[in-house]
Amino acid sequence: LQLLKMLCQTIQSTTQTETANTGLNALRVVLEGAGHSLAGENLVIVVETLSVLSGGDYFHNGSDNSIDRSTKAWANASAIAFQNLKLIVDDFLEPQSADDELRPKSFS
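Residues numbered from 1 in each chain as written. Predicted model: local features only at pLDDT ≥ 70, side-chain atom pairs only at ≥ 80, totals over all residues. Heavy atoms only, no water.

1. Here's the deal with the overall build of the protein
The cut-off we apply is this: Think of it this way: any DSSP run of H or I at least four residues long counts as a helix, any run of E at least two long counts as a strand, and we number them from the N terminus. Here the term buried applies to any residue with accessible area under 20% of the maximum for its type, exposed to any over 50%, and partly exposed to those in between, with areas from a 1.4 Å probe on protein chains only. Contacts are assigned to residue pairs that have any heavy atoms within 4.5 Å of one another. Where accessible areas are quoted, they stem from the Shrake-Rupley method and a 1.4 Å probe; at the residue level, only the protein chains shown are allowed to cover.
When helices and strands are tallied, the protein shows 5 helices and 2 strands. Going from N to C terminus, the protein has its helices and strands arranged as α-α-α-β-β-α-α. Among the 108 residues that make up the protein, the fraction classed as buried is 29%. For the protein, restricting intrachain contacts to residue pairs at least 6 apart in sequence, the fraction spanning at least 24 positions comes to 65%. Total accessible area computed for the protein in this model is approximately 7300 Å², and 54% of it derives from carbon and sulfur atoms.

2. Concerning helix 3 (residues 40–51)
Just so we agree on the cut-off: For a helix, the expected span equals 1.5 Å multiplied by the residue count minus one. What the arc covers is the set of directions going from the helix axis to the C-beta atoms.
Taking 1.5 Å as the rise per residue, helix 3 with 12 residues should run 16 Å; its terminal C-alpha atoms sit 17 Å apart, in good agreement. Of all the positions in helix 3, only Asn42, Ile45, Val46, Thr49 and Leu50 are classed as buried. All buried residues of helix 3 lie within an arc of 130° about the axis, which places them on one face of the element. Looking at the buried residues of helix 3, the elements they touch are helix 1 (2–13), helix 2 (17–34) and helix 4 (75–91).

3. Digging into the packing of helix 2 against helix 4
For clarity, the cut-off: All axes here are fitted lines through C-alpha atoms, helices being fitted over the stretch that makes contact, and every angle between N-to-C directions spans 0 to 180 degrees. Under this scheme an angle from 65 to 115 degrees is roughly perpendicular, one under 35 degrees roughly parallel, and one over 145 degrees roughly antiparallel; angles in between are oblique. Residue polarity is assigned by list, with Asp, Glu, Lys and Arg as charged and Ala, Val, Leu, Ile, Met, Phe, Trp, Tyr, Cys and Pro as nonpolar; anything else, Gly included, falls into the polar class.
It is the contact of helix 2 with helix 4, at a shortest axis distance of 9 Å, that shows an interaxial angle of 10°. One element, helix 2, and the other, helix 4, form an angle in the roughly parallel class. Contacts between helix 2 and helix 4 involve Ala20, Asn21, Leu24, Asn25, Leu27, Arg28, Leu31 and Glu32 on the former and, on the latter, Asn76, Ala77, Ile80, Ala81, Gln83, Asn84, Leu87 and Ile88. Tallied by class, residues from the contact of helix 2 with helix 4 come to 9 nonpolar, 5 polar and 2 charged.

4. Re the confidence of the model for the protein
The cut-off we apply is this: Each residue carries a pLDDT score, the predictor's confidence in it, ranging from 0 to 100.
Taken as a whole, the protein shows an average pLDDT of 83; of its residues, 77% reach a score of 70 or greater. The lowest-confidence element of the protein is helix 5 (residues 98–102), averaging 55 in pLDDT; the highest-confidence one is helix 2, averaging 95.

5. Things to note about the nonpolar core
The condition is simple: Buried Ala, Val, Leu, Ile, Met, Phe, Trp, Tyr and Cys residues that are joined via side-chain atoms within 4.5 Å together make up what is termed a nonpolar core.
In terms of nonpolar packing, the biggest core is built from 21 residues, with Leu24, Leu27, Leu31, Val46, Leu50 and Leu53 touching the most fellow members. Elements with a contribution of two residues or more to this core: helix 1, helix 2, helix 3 and helix 4. Setting aside anything within four residues of it in sequence, one finds Val46 in contact with Leu4, Cys8, Leu27, Leu31, Leu38 and Ile88.

6. Concerning helix 1
Since the α-helix turns once every 3.6 residues, residues separated by three or four places project in the same direction. Taking 1.5 Å per residue as the helical rise, helix 1 with its 12 residues ought to reach 16 Å, and the 17 Å between its terminal C-alpha atoms agrees with that figure. Taken residue by residue, helix 1 has Leu4, Leu7, Cys8, Ile11 and Gln12 as its buried positions. All buried residues of helix 1 project into a common sector of 135° when viewed along the axis, lining one side. Away from its buried face by more than 90 degrees, helix 1 exposes Gln2 and Leu3.

7. Section: the packing of helix 1 against helix 3
This is how the line gets drawn: Should the near helix be turned anticlockwise from the far one by less than a right angle, the crossing is left-handed, and should it be turned clockwise, the crossing is right-handed.
Two numbers describe how helix 1 lies on helix 3: the axes approach to 9 Å, and their chain directions differ by 20°. One finds that helix 1 runs roughly parallel with respect to helix 3. The way helix 1 lies across helix 3 gives a crossing that is left-handed. Residues Leu4, Lys5, Cys8, Ile11 and Gln12 of helix 1 form the contact with helix 3, whose own contacting residues are Glu41, Asn42, Ile45, Val46, Glu48 and Thr49. For the contact of helix 1 with helix 3, the class distribution of residues is 5 nonpolar, 3 polar and 3 charged.

Quick look at the structure:
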């Protein structure tokens, strides 16, 4: 799991589109092989990693240097990130039934 964190940190902080694309493809392999066992902090790290590639400026670790990922050069990385997120949502998250949505929520 430490390797997963390092991979995600590399994807988040890179200024090179090819590094991001390669990292995202590696992340997809991890998700396809062990995505069902992701939970808690590890799942959060993966989703955060995918969200920083959605476009816009990204400030790594509160620094003043931003990475503008809204340019055309980052479009492929954004598409791969979305495919990874779709894999998580479609294959690993518990589906909610319509009955669950209609049932009143209890506050304890």
